[in-house]
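Chain by chain, the residues:
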Amino acid sequence: MGVFAGKAKEDSSKLNSINWKKVDENKSKPLQKIIWKSYKNDEFYFGNKNKQGLIKNSTNSSNEEKIYESSKISVPQITELEPFLPLNNFLDYGNFQTSIRWKSSFDGGASDGIGQQNPSFVFDYGISDSSLLSLYITGADDDLYNLVDGQKINYYWQNYGLSFKKKLIDEEDFEFGLSLVSTLEYWRHASGSETSKSIFNQSDSSLGKDKFEDLVGALSFPISKNLNENFTALIVPGITFLPEKLGSKGIGKNAYGNNFYIGSGIIFNAAEDLNLLFSYTTPLGPGNNYFDSDLNYSRKSIYSFGLGWDINSKIGIEGKITNSYGASPSTGLLTIPSDNLPLYSANITYKPHGEDTYLNPLNERDRFISNSGITVNNALIPRAGTSQILFNYDSRGNLFGSYGYSLSNIFQLELLNIGSFNDLNFSGSKNSNLYSTYLGENNINFRLGGKLLILSPQKDDLYWLALRASVGRNDDTNQGYLFTEFMNTFRLNNWLAFNITPKYFFSGVDSFGGIGFSSYINLSDNLMLIPEINTSIKKDSDLNSTLALRYSFSPEKSLDLYYSNAAGVQDLGQLLKDNQYRFGIKFNFLY
């Protein structure tokens, strides 16, 4: 035992011995440079799915080291409750955002149609972390909501405004936040026509249009307090500067005049990306913000309530009920001309510096169907930064074109959808009123819309689900409508996908639902068969069908040849039937 133990001890000492050697640093073998290339020339594959950390190179005089920093993802914050109720929120220096806003009555009143709209565009730019510059462009052109002396009277508003907001007190340093907001606007407005007199003419019965151009403005001091991380209260004293008399035919004051006001608002963060928005504003005079059908001016309190949803850091949407019809800081206190009504407001804001929702890239089969169908759309959206152009012409003269741009992986803005229906045969149809109002001779239909992706297999959902809405009007009859779609797209296998798309048409002439069914059947790698059926859901329903053959030159370029008895490929035309079939061609481009 003693001999064995001694030997074990000797072996153990040899195992535990460590020999140290000096390594010459100059002989270290340098690493070879790694060259990265995109897969199939698609730069999208360089998108980083996990964006929790960014690598920053930091260099000093002695050495070079890599430092990992958590990415700064700015929490989306709205900059105003209403144009006349700014918040003490700002954009980071150099950042900007754009907003498209839509205010409308629920019906057209005396002017008929879907409603009286006042669309606007807003551009915000961060001059510094405590200064914001905003541009407002708004426009409304319709008949007064109510008759005046038994007549329809046209009115016209157009505003170009520039607003500057400067932080005066930071809530981090005091108990509240305070800013100064000043606005200067160029206001073009008109009333009357060859068949009606102007509302600014109170002295005689002569007909004709009165046009005015004025410099107007607004000044406000928003005071805010974050009561806790979910609750913000706002008080805004301010004044708007508007003319109180226009033209030489007014008897006394025939316009709104200047108004002091005191506004209040509440923002409640109901969830991480969902806000409840409330505001109430009282005009104090000496001017007014409302007039009735007898052209009597007075003051009305202005309210708004609704929801704000940040879909991701790039896209935010709002929906509200309000009686504010003006869409700029100077005119926001004004109600709809000739009445005081609850209106609906729909807004979308795009922040290009925000982080997008990550989606796995589409496979090649699904990229072939991303250009949608002929009369039944699908739920797929081209990836962020992609433009989509569609052009259609058929044997009976229908002509349509559209341009869309993907602001995000989950939102596409339809910037332009324009076209004309031609040579429709609807004799005997009980929908003749719809045809004559929206699809009649000399019609040109202009539309604007958006498409939001809600579910997608690209983010591990079972199928694609998207919501699309568009608004616009017939330039000939000046009548418009709202069109919505709830698109569901399913991929069954490598060669078959299908769509179920409920639709709804809303206008002052008629309102009804419908549903579209379609499938994509791959006959070969580049050849696809697309059968489609649409039916309206109402008493006098229409059913139409389309059969298309698509040849894809690439996933981004394809050509459709089709045979259809749908009235057309644009919105309402998808749900109406023509008594005659037509051959058509459709070009699809993504770039």
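For the structure, check the block above.
Residues numbered from 1 in each chain as written. Predicted model: local features only at pLDDT ≥ 70, side-chain atom pairs only at ≥ 80, totals over all residues. Heavy atoms only, no water.

Caption draft 1: Region of the structure containing the nonpolar core. Residues L439, F505 and L572 are the most contacted members of the largest nonpolar core, which totals 43 residues. If we ignore the near neighbours within four places in the chain, the residues touching L572 are Y438, L439, Y481, F483, F505 and F512. By size, the runner-up hydrophobic cluster in this structure holds 24 residues, among which are I199, F200, L242 and L246. (Core = buried A, V, L, I, M, F, W, Y, C linked by side-chain atoms within 4.5 Å. Buried < 20%, exposed > 50% of the residue type's maximum accessible area, 1.4 Å probe, protein only. Contact = heavy atoms within 4.5 Å.)

Caption draft 2: Fine view of the pattern of salt bridges. For the structure on display, the rule yields 21 salt bridges. For the salt bridge of K225 with E175, the shortest nitrogen-to-oxygen distance reads 3.3 Å. Placement of the pair is K225 in strand β11 (residues 223-228) and E175 in the loop between β8 (154-169) and β9 (177-191), with a sequence separation of 50 residues. Since its relative accessible area comes to 28%, K225 is described here as partly exposed. Exposure remark for E175: the relative accessible area of 60% places this residue in the exposed category. Within the structure, one salt-bridge network assembled from shared partners comprises E414, R447, R468, E485 and D571. (Salt bridge = Lys/Arg side-chain N within 4 Å of Asp/Glu carboxyl O. Helix = DSSP H or I, 4+ residues; strand = E, 2+ residues; numbered from the N terminus.)

Caption draft 3: Quick look at the packing of aromatic side chains. Scanning the entire structure with this criterion turns up 24 aromatic pairs. Measuring from ring centre to ring centre gives 5.9 Å for Y438 and F505, while their planes differ by 85°; the resulting arrangement is edge-to-face. Highlighted residues: Y438 in helix α3 (residues 432-438) and F505 in strand β26 (residues 496-507), separated in sequence by 67 residues. Just as Y438 is buried, F505 falls in that class too. In this structure an aromatic cluster arises from ring pairing among Y155, W157, W187 and Y325. A cation sits over an aromatic face here: K165 above F90, 4.9 Å from the ring centre. In this structure, R447 is placed above the aromatic ring of Y481, and the distance from its NZ or CZ to the ring centre is 3.8 Å. (Phe/Tyr/Trp six-rings, centres within 6.5 Å; stacked < 30°, edge-to-face > 60°. Lys NZ or Arg CZ within 6 Å of the ring centre and 35° of its normal.)

Caption draft 4: A nonpolar patch on the surface, seen in detail. There is a patch of nonpolar side chains on the surface, built from F174, F176, I223, I235, F260, I262 and L284 and spanning about 630 Å² of accessible area. Residue placement: I223 occurs in strand β11. When its relative accessible area of 33% is taken as the criterion, I223 is described as partly exposed. (Patch = residues over 30% accessible without salt bridge, like charges linked within 9 Å, V, L, I, M, F, W, Y side chains within 5 Å. Areas by Shrake-Rupley, 256 points an atom, 1.4 Å probe, with all protein chains shown as cover.)

Caption draft 5: Looking closely at the layout of surface pockets. Empty space within the second largest pocket amounts to approximately 810 Å³. In terms of lining, the second largest pocket is formed by 26 residues, of which the most central are I317, A346, N347, G450 and A469. At the level of elements, β5 (96-104), β18 (315-322), β19 (343-350), β22 (411-420), β23 (445-455), β24 (464-474) and β25 (479-493) are the ones that each hand at least two residues to the lining of the second largest pocket. A class-by-class count of the residues in the lining of the second largest pocket yields 15 nonpolar, seven polar and four charged. (1 Å grid on protein atoms, 1.4 Å probe; cavity = no way out; pocket = protein on both sides within 12 Å on 5 of 7 lines; lining within 4 Å. Points joined across faces, edges and corners; volume = space filled by probe spheres on them. Nonpolar A, V, L, I, M, F, W, Y, C, P; charged D, E, K, R; others polar.)

Caption draft 6: Local environment of the pairing of β26. Pairing between β25 and β26: 10 bridges, direction antiparallel. Paired with T484 across the strands is Y504, a residue of β26. Linking β25 to β26, which pair antiparallel, is a turn of two residues. When β26 meets strand β27 (residues 511-522), the two strands line up antiparallel, connected through 11 bridges. Counterpart to L496 in the pairing with β27 is I521. (Pairing = 2+ DSSP bridges.)

Caption draft 7: Summary view of empty space enclosed by the protein. For the structure on display, the rule yields seven cavities of 30 Å³ or more. As a volume, the largest cavity reaches approximately 410 Å³. N377, L390, S402, E414 and N417 are the residues nearest the centre of the largest cavity, which is lined by 29 residues in total. Those elements giving two or more residues to the lining of the largest cavity turn out to be β20 (387-394), β21 (399-408) and β22. Residues belonging to the lining of the largest cavity are distributed by class as follows: nine nonpolar, 15 polar and five charged. Estimates place the volume of the second largest cavity at around 350 Å³. Looking at the lining of the second largest cavity, the elements with two or more residues in it are β3 (80-82), β5, β6 (117-128), β14 (274-286), β17 (302-310), β18 and β19. Partitioning the lining of the second largest cavity into residue classes produces eight nonpolar, 11 polar and nine charged.

Caption draft 8: Structural detail: unusual backbone geometry. Residue P286 follows G285 across a cis peptide bond; omega there is 10°. Position of P286 relative to the elements: it lies in strand β14. The backbone of L295 sits at a positive phi, close to 65°, despite the residue not being glycine. Structurally, the position occupied by L295 is in the loop between β15 (290-291) and β16 (297-298). Relative accessible area serves as the criterion here: at 18%, L295 is assigned to the buried category.

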